[in-house]
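Spelled out from the first residue to the last, the chains are:
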Amino acid sequence: MSRRPVLIGCLTIALLAAYGALPANGQAPAGLMPSALGACGGNPGLFPRGRFWEWQELYDARVRAVIDQHATRRRIQCTDLAEEPPSFPLTHMARQLPPWQDGQMLTEQDMAAVLIEHLRVYRCAMEEAAFRQVEIPDTREQGILDLFRRTESLLGARERVRRESIAAPRALERTLKVLAGTDRLRALESGMECLARTSLDIRNALGLAAETAACLPRAWDARTSLRTPAPRTSP
Amino acid sequence: MRISRAAIGLLLLALLPQAVTAQGGVYDLMREVTNRELLRNEAGGTVVEGPVNDFVRAVLRREPLTREDVSRAVSDSPGFCRDTWKDPISCAALRTSIRSLTLRESRTRALGRDLQIIAGSAEAPVQDFAAEQLNLPLRAQGILRIWRAGTLRAEAGSSGSVIRVAEMGPRSADALQAVADRLADLRLVADDTEQFTGAVWRYQYGVRPVRGADPSVPLVPANAARDQPERQFLAARWERLEHALNTLLLALPPPRSLTPPLREGETVLFRLPAEGAESARVVFDTMNVRPWATITRRADGRLIADAGLQWVTAVQPVLPSLCREQPERRREGCDPIPGGQTFPPLSMSGSGLCLGPLAQNGYLCRPADAPRGRSACAEAAAQDPNRLILTRCAEQSPVRRTVSGPDVCAQENWRIDPPAPACQVRITCENAADPTGAFPVQVQGGQAHVPLGDGGELPAPYEAIKLLVHSRQRCAAPESPDPFLAGTPEERNRACCRLSRDAYRSACEAMQADGLFGTGAQLERQTLAGRPLNSLLCADILADGACRARGTGTCQDTVTREDTDQSVAQQRTVLLSSIRGWWGARVPAPAPGWCAWIRDGTGGARSHDPRVDAWIRSTEEQGQAACLPGQTTRYQNTIGNNLCMIGRCVEETIEGHRIVPGRQALTAQDQAYPYEACMAPLRDGGTLTALPPDLSTAIPPYRPGLLAQTLDTALCQTVGLPAGTPPARCAFQASRRLSLPLPTAAETALDLLDQDREARLPAEGISLMAEAVATRIGTELYRSYLEESARNVSRITDAASRLLDRFSTVTFPTTMCPVGAEDMDAFLQSPLCPAPPRTP
């Protein structure tokens, strides 16, 4: 009597696991797949299917690359009002995201928007994977009927999705806070750099003017002559 | 030895999950902060950070808890209550207590870190010793160096400190390693980051202020750590780390080896060497810390060295301690610190901010040099309790007066190693009366003795100017015989009239500038012997009268030359009496007496009166012309110094040039040379470049009180209630439900308990929105300040640009001015002469 619920439970889990694991054994479609969550707009390839356990590392690596590049000093243009061109990691990330896929204009100042959109796609991919479950194959899994390992994998995936849905936005928000402080002064820094260059130009021009001014007493004093006397020739 | 150090670095890299590099490790740091907030480690397991864990176990000390127990209780691990000593009921209660306490403390610490992140991100770019990427003070100083005039010595002016950056050098590798080892000890051995964090913040301004060696920073009382245990690490000291930092100072390059040599008021900031000390660099990178060192030569010549630590990205603040620090019993557990107490600020709070060589010139560290009423100080007049006025203004602004007379850059000390003065002025407070009738200023041994007694015929400042003009005359030819005594009577007459008239002329012009003969339209309303009174008549009367009284005869170049001796003497007496009367009625005598007041200047000036000071410098700079043909003049290539050079050349030209007699134009618009008719019209003549007179800027007021009130008001209004403070009063009003009770008392009670629910959602919404609004308010503060200051800077650079642009459009002729008939014929045929004069 007491064994029947356990047996039914085990069978149910086995069926569910078998159903969920089928695509993991080579039946997962390659490339894009219609999204189960409409708002997510599909997984655009930033987070490859079948590699769920690598998504966090992929996400972190991309964000880290964009922010590292943003924090390094870049060449400042003072001759026109051109926007700061985007860094390569930012361009690479943005071109894979829906708002910038069609070649819309992108500048380095768009970094926060791109990162937030990237985060949205990441969370969507996570949520979708948790919803479909088929996206969470455990690559360590060897046997289709290894129920306990499959169950453990599913639970671990759900826990990761839950944790990342909290941790990833907060970490990005804090990062953007730090960058907001420096970025707010970044325009000032650019202005100061341009002012320094202008000052050097003014200094050099004034240096030439000072050199010229050294001739003023000689030029204005009627007792002297600016002319270099002609060499005396013997009579 | 090397292996062990490298091993420490590698060990740190391996042990610290938050290992980041100094370059671009911001995201990893933020991941670490978030993990701590969520009580997670990198692997996803539950971890309660050390201080909180120890605190929880100490508070719940009745239960035999381990660190793992606390983590298991927080993570809802089923294993927590499986231990045999726990019965299910008490275990659930214990778990609730542990979770509640842990989450509360962790939330507080997360808030502290968030506030630090916000503040640190704004402060980092403007710190003196901040790191590599964005350092606005150094950039600002670079611009100042390009613009300022002077030799960049401290006495050259008040333009601010000078700082340059250098590397620590290969000798410092061992000392750097020692500093890294001490920090690693604090981080690893102490088993938590509290001491490490406290040490980095404690030495952020250097070791000297912590040791009490800097009088501007009060020493933290010895009992501060005991009396205020929550702040114990703000008052703590780490002797071994201090020793390592002092060792680093000894390993710095010696000041005499610096090129160029260290000047007074200059600071060298030493940073990590690009090569060498690799293992130490690994440790510093891992810890998100940078060591720094400085050597400063003060204005009095003393060398001051200091070393300290600085965060690369300041994330971790000194959080309130949870356990009282007990080094001897550290391993035995935690002595929990009861919370809820308030303490007065520590005496040294904020005082280290102004120690930086550049920060000490900031608005928080000194009053603005602007008199009240100027735009920079306009906010100070408005008293508003909701405002924090960030700019203080000097009560008596040190107005720097210069006299653009003999030398436009007299007070700038712009030349490098100018020639030694031929004549040194020495003012003595003795009477000038000399019965022999000799020249009033005598030069002996390279010193011009200026006798400025109280019995002078003119008020002291004017008498000083007169005598200084005489000293300048005498210093021009110190070896020549006394001009008042030597020569024929005619020569003595000419010398007396010329030299006296020049001296009186300068003194009388100073009087006229002071308004003694009337100001504006009132000038020349007064008359003396029927002539309008001004500085020229004043000089003529005084000089002619003096020379006649001396017995050298009438001065032929004066307007009084036709007057009788008696008339001139009478006019002179009336004029002197009038001058003394005007002076005595309007100008009170200073305490030390006029002579001493004039003689003893301050702040690098030789005299209190800038006009007197200018004449002293002018006298001593005779023979030091900067712009003579063949003259070598050395100065640092700055905008200010170049302008000084141009100004000096123009001045010396006007003062020294001679126009050929007969070549001057007789009337206005007349031509002095026959070829002037050929000159192209001066298109830009009369266009002036003027700067606005007031270029000061003001720091906008900060209104935190008003902002907090606005937020409170918004919170109450959102739930449809009038404003109230604290806003919790808007969320709960017992009378609302009691006046309209529910059917049963139980329902009414439950509703009362849940009454704040309706305010909770709006409050959370405002909480989320407040951050964005605060960011905009902060940005608005920046904008308000930068808008005005940037506009002023652009006005200056625009004006400079326009002037230089005009320079570039000047077309210089390729031919010389004609001097003879042949040249003139050729000139008239040249394209420069579009309308050659026609011969009738």
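Residues numbered from 1 in each chain as written. Chains lettered and ligands numbered in written order. Predicted model: local features only at pLDDT ≥ 70, side-chain atom pairs only at ≥ 80, totals over all residues. Heavy atoms only, no water.

On average, residues of chain A score 73 in pLDDT, and 64% of them are at 70 or above. Contacts of residues 13-34 of chain A to residues separated by more than four positions or lying in other chains number 26 contacts, the stretch itself having pLDDT below 50. (pLDDT = per-residue confidence, 0-100. Contact = heavy atoms within 4.5 Å.)

All right, on to the nonpolar core then. All names here are of chain B. Among the nonpolar cores identified, the biggest contains 53 residues, and Leu458, Tyr462, Met511, Leu542 and Leu575 are the most heavily contacted of them. Elements supplying a minimum of two residues to this core: strand 7 (424-428), strand 9 (447-451), helix 15 (460-476), helix 16 (489-513), helix 17 (535-550), helix 18 (565-586), helix 19 (594-599) and helix 20 (610-620). The biggest single contributor to this core is helix 16, with 10 residues. In this view, leucine 575 contacts Leu528, Leu533, Cys538, Ile541 and Leu542; residues no more than four positions away in its chain are not counted. Of all hydrophobic cores here, the second largest spans 43 residues; its members include Ala180, Trp238, Leu249 and Ala251. (Core = buried A, V, L, I, M, F, W, Y, C linked by side-chain atoms within 4.5 Å. Buried < 20%, exposed > 50% of the residue type's maximum accessible area, 1.4 Å probe, protein only. Helix = DSSP H or I, 4+ residues; strand = E, 2+ residues; numbered from the N terminus.)

Bringing the interface of chain B and chain A into the picture now. Taken together, the contacts link 65 residues of chain B with 55 residues of chain A. Summing both sides of the interface, chain B and chain A together bury roughly 5400 Å²; the carbon and sulfur share of this comes to 67%. For the pair chain B and chain A, the number of links is eight salt bridges. The salt bridge involving arginine 174 of chain A is made with glutamate 37 of chain B; its shortest N-O contact spans 2.8 Å. Where chain B packs against chain A, one counts 14 residue pairs in polar contact (both at pLDDT 80 or more). Those elements giving two or more residues to the side of chain B that touches chain A turn out to be helix 2 (26-37), helix 5 (88-123), helix 6 (136-147), helix 21 (639-656) and helix 26 (757-809) of chain B. (Buried area = accessible area lost by both parts, 1.4 Å probe. Salt bridge = Lys/Arg side-chain N within 4 Å of Asp/Glu carboxyl O. Polar contact = N/O pair within 3.5 Å; in protein donor to acceptor, adjacent residues only side chain to side chain.)

Turning our eyes to something else, we now look at helix 13 (residues 278-287) of chain B. An α-helix turns once every 3.6 residues. As a result, residues three or four positions apart point the same way. Burial analysis of helix 13 of chain B places seven of its 10 residues in the buried class, the great majority of the element. Downstream of helix 13 of chain B by a residue or two, asparagine 288 of chain B has a phi angle that is positive, lying close to 65°.

Turning our eyes to something else, we now look at the packing of helix 2 (residues 55-71) of chain A against helix 2 of chain B. In contact at an axis separation of 8 Å, helix 2 of chain A and helix 2 of chain B are set at 130° when each is read in the N-to-C sense. In terms of their interaxial angle, helix 2 of chain A and helix 2 of chain B are classed as oblique. Contact residues: helix 2 of chain A offers Gln56, Tyr59, Asp60, Val63, Arg64 and Ile67 of chain A, while helix 2 of chain B offers Tyr27, Asp28 and Arg31 of chain B. Within the contact of helix 2 of chain A with helix 2 of chain B, the residues separate by chemical class into four nonpolar, one polar and four charged. (Axes fitted to C-alpha atoms, helices over the stretch in contact; angles between N-to-C directions. Parallel < 35°, antiparallel > 145°, perpendicular 65-115°, else oblique. Nonpolar A, V, L, I, M, F, W, Y, C, P; charged D, E, K, R; others polar.)

What follows covers helix 2 of chain A. Residues and elements named next belong to chain A. With 17 residues, helix 2 extends 24 Å between its outermost C-alpha atoms, agreeing within 8% with the 24 Å of an ideal straight helix rising 1.5 Å per residue. Listed as buried for helix 2 are Trp55, Gln56, Tyr59, Asp60, Arg62, Val63, Val66, Ile67 and His70. Seen from one end, helix 2 has its buried residues packed into an arc of 165°, which puts them on one side. (Expected span 1.5 Å × (residues − 1). Arc of directions from axis to C-beta.)

For the rest of this paragraph, the subject is the sheet that holds strand 8 (residues 442-444) of chain B. Residues and elements named next belong to chain B. The strand order across the open sheet formed by three strands is 7-9-8, and the pairing between neighbours is mixed. Of all strands in the sheet, those bounded by a partner on one side alone are strand 7 and strand 8. Across the sheet, the mean angle from the axis of one strand to that of its neighbour is 30°, orientation sign disregarded. Taken together, the five bridges between strand 7 and strand 9 define a ladder with parallel strand orientation. Counterpart to arginine 426 in the pairing with strand 9 is histidine 449. Docked against the sheet, helix 15 engages strand 7, strand 8 and strand 9, running at close to 155° with respect to strand 9. (Pairing = 2+ DSSP bridges.)

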